[in-house]
Amino acid sequence: MKILIAGGLLVAMGGAGVALAQNDDGVVASARASGDVGEQADGYLGFVTAPSSAVKSAVDAVNIKRRAIYTDIAAKQNATVQEVAAARGCDQLAKRVAPGQKYRTGGGWQTRGAAPIDLPAICG
């Protein structure tokens, strides 16, 4: 299965699962706004700078929730967890990273400007 096909799996996530995996009590949102945490093309949040224990715990919790969602969808759609996660990562990069926030598409961390993010080839 190619990642473009896996991209269609995002519809199956629905709003509740996606919202659940976005942030917990504002710690992640604050870390994203400050540039300490960013979205990655692999579908998970990553650390731009060394995190505090509170930020690490919050991000780890979000990533665990995301992996659970990806695993459930992968099982239902006969795809790998990595395919589903990468499809979600492309969606996050394209839609959820606001100007001024950090993201990584495979190289180093970048800060989004006003222009759309130049998505990696795997995003189709």
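Scroll up to find the structure this text is about.
Keep in mind that what you see is a predicted model, and the values were worked out from it rather than measured. (Residues numbered from 1 in each chain as written. Predicted model: local features only at pLDDT ≥ 70, side-chain atom pairs only at ≥ 80, totals over all residues. Heavy atoms only, no water.)

K.L.:
Help me out: how do you make sense of the pattern of salt bridges in this one?
P.N.:
A pair can form between side chains of opposite charge whenever their charged atoms are brought close. Under the counting rule described, the total for this entry stands at six salt bridges. Where E39 meets R32, a salt bridge forms, and the shortest distance between an N and an O atom there is 2.6 Å. A relative accessible area of 1% means that E39 is categorised as buried. Here the salt bridges do not stand alone but share partners, grouping R32, E39 and R66 into one network. (Salt bridge = Lys/Arg side-chain N within 4 Å of Asp/Glu carboxyl O. Buried < 20%, exposed > 50% of the residue type's maximum accessible area, 1.4 Å probe, protein only.)

K.L.:
Would you mind going over the pairing of strand β1 (residues 37–40) with me for this structure?
P.N.:
A regular strand places its side chains on the two faces of the sheet in alternate fashion. Summarising the sheet, β1 and strand β2 (residues 45–47) pair through three bridges and their orientation is antiparallel. What sits directly across from V37, in β2, is F47. Hairpin connection from β1 to β2: four residues lie between these consecutive antiparallel strands, with G43 at a positive phi of about 95°. Judged from the three bridges that link them, β1 and strand β3 (residues 102–104) form a sheet pairing that is parallel. By the bridge assignment for β3, G38 is matched with K102. (Pairing = 2+ DSSP bridges. Helix = DSSP H or I, 4+ residues; strand = E, 2+ residues; numbered from the N terminus.)

K.L.:
Could you clarify how one ought to interpret the state of the cysteines in this entry?
P.N.:
Under the defined criterion, the tally for this structure stands at one disulfide. Here C90 engages in a disulfide with C123; their sulfurs sit 1.9 Å apart. Here the disulfide of C90 and C123 is left-handed, its torsion about the S-S bond being about -85°. Residue C90 is located in helix α5 (residues 81–95), and its partner C123 is located in the segment after β4 (110–111); the two are separated by 33 residues in the primary sequence. Side by side, C90 and C123 carry an identical accessibility label, which is buried. (Disulfide = S-S within 2.5 Å.)

K.L.:
Help me out: how do you make sense of the packing of aromatic side chains in this one?
P.N.:
One pair of aromatic rings is described through two measures. These are the centre distance and the angle between the planes. All told, the structure shown has one aromatic pair when counted by the stated rule. Ring plane angle 75° and centroid distance 5.4 Å describe the contact between Y44 and Y70, whose orientation is recorded as edge-to-face. One end of the pair, Y44, is in the loop between β1 and β2; the other, Y70, is in helix α4 (residues 53–77), and 26 residues separate them in sequence. Assessed through its relative accessible area of 14%, Y44 is described here as buried. A relative accessible area of 2% means that Y70 is categorised as buried. (Phe/Tyr/Trp six-rings, centres within 6.5 Å; stacked < 30°, edge-to-face > 60°.)

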